[in-house]
Amino acid sequence: MEKLTTLGEFIIENQSSFPYSTGELSKLLNGLRLAGKMVNHEVNKAGLVDIIGGVGDVNVQGENQQKLDVFANDKFIQAIKNRDIACGIVSEELEDFIALPGSDASNNGKYVVLMDPLDGSSNIDVNVSVGTIFSIYRRLTPKGTPVELKDFLQPGSAQVAAGYIVYGTSTMLVYTTGNGVNGFTINPATGSYYLSHANIQIPETGSIYSVNLGNYVHFPEGVKNYIKYCQKDENDRPYSLRYIGSMVSDFHRNMLKGGIYMYPFDAKNKNGKLRLLYEANPIAFLTEQAGGKATDGSKRIMDIVPSEIHQRIPFFCGSVKMVEKLESFFE
Ligand code: P6P
């Protein structure tokens, strides 16, 4: 039986490959790993205790806040704050960014973390997989000064790390620091993450397309024509439509099997639904690191300079040949 590598061992073994390897990013990743375990514990028993169901509040997105949303947001903020490495956080659950001056109020944190603490949370009550998405940048403002908005409005190409935790039939942490994508699965018996998917590569093409066809009539012509292409009965098609309504799960499946995930803009949502900073950018970083492509239909997602922290963006990502075929329908 081959040696099992834990996430902790992997981070240490690969620390030197990270250009700024001072161990601080590793400590931050370890914090996210711990929070992921705590959220996993609650998600796994969501049906058993009175932790599901909305708390009656709505978040900044105007969406009903599920209790697990609040729990996950608190746990990840706590884990990040306790490590004194980050100087600020953006969360889908919070209107504005949080400044982390540090336990000594020195404002010396080198990184900022942007996250969707529990993406797809409307699926919690019906036992469908949900996920945490995170994105990490080095701050732009000088150490020792308070974090500022511009620290969070960097293009995705400046990310130093990104990843997700998918709370599914098994719980996995998948991340990149710019040297490929690796997946770690929690062993429930020990509570440790073990390297289970080394150096993930997205197949350059596939037969799965993921989109909410309920919005079809509102889609731009290019997207409609690509969907008709996917459904056309010839050569390698029709493809299979697989759409869970939880992007982390849809993306994870497509990354392993090949496929394309689409959340277009439409007549109702002029800029689509997904958030650029803590949904599209981290998934785009993983996509490119795994050999795929991520675009807003015309521009590379990671080239887009954000203008505000909760801005939405049309989002298409996955197998490079499928994304390029879609783009040909936009031309
Ligand atoms: P719709 C979940 O709310 C999410 O942000 C993604 O995880 C998911 O792919 C999408 O929205 C689902 O949106 O409009 O198809 O229900």
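These figures come from a predicted structure and were not determined experimentally.

Trainee: Describe the environment of Tyr-229, naming the residues involved and giving the relevant values.
Mentor: Here Tyr-229 is to be found in helix α4 (residues 221-231). Residue Tyr-229 is classed as buried on the basis of its relative accessible area of 18%. Residues Tyr-229 and Leu-326, spaced 97 residues apart in sequence, show a C-alpha to C-alpha distance of 9.3 Å. Residues within four places of Tyr-229 in sequence aside, it is in contact with Arg-237, Tyr-239, Lys-325 and Phe-329.

Trainee: Talk me through the sheet that holds strand β8 (residues 171-176); I want residue IDs and the actual numbers.
Mentor: Strand order in the open sheet formed by eight strands is β4-β3-β5-β6-β7-β8-β9-β10, with mixed pairing between adjacent strands. The open sheet terminates on both sides in strands that have one partner only, identified here as β4 (98-99) and β10 (192-197). In this sheet, β4 lies alongside strand β3 (residues 86-91) in antiparallel orientation, the contact comprising two bridges. If you follow Gly-88 over to β4, its bridge partner there is Ala-99. The sheet contacts of helix α3 (residues 67-82) involve β3, β4, β5 (111-119), β6 (130-138) and β7 (161-167), and relative to β5 the element is tilted by about 160 degrees.

Trainee: Give a description of the sheet that holds strand β15 (residues 315-318) that names residues and reports values.
Mentor: Reading across from one edge, β12-β11-β13-β15-β14 is the order of the five strands in this open sheet, with mixed pairing throughout. With partners counted over all chains shown, the strands left at the sheet margins are β12 (240-241) and β14 (293-295), one partner each. Of the strands in this sheet, β11 (208-210), β13 (260-263) and β15 are in contact with helix α5 (residues 247-257), which crosses β11 at around 160 degrees.

Trainee: Hey, could you go over the pattern of salt bridges for me, with residue numbers and the actual values?
Mentor: Going through the model one piece at a time under the given rule, you end up with eleven salt bridges. We note a salt bridge from Lys-224 to Glu-221, for which the minimum N-O separation is 3.7 Å. Of this pair, Lys-224 and Glu-221 are both found in helix α4, three residues apart, which corresponds to roughly one turn of the helix. According to the relative accessible area criterion, Lys-224 is buried, its value standing at 14%.

What counts as what
- Residues numbered from 1 in each chain as written.
- Predicted model: local features only at pLDDT ≥ 70, side-chain atom pairs only at ≥ 80, totals over all residues.
- Heavy atoms only, no water.
- Helix = DSSP H or I, 4+ residues; strand = E, 2+ residues; numbered from the N terminus.
- Buried < 20%, exposed > 50% of the residue type's maximum accessible area, 1.4 Å probe, protein only.
- Contact = heavy atoms within 4.5 Å.
- Pairing = 2+ DSSP bridges.
- Axes fitted to C-alpha atoms, helices over the stretch in contact; angles between N-to-C directions.
- Salt bridge = Lys/Arg side-chain N within 4 Å of Asp/Glu carboxyl O.

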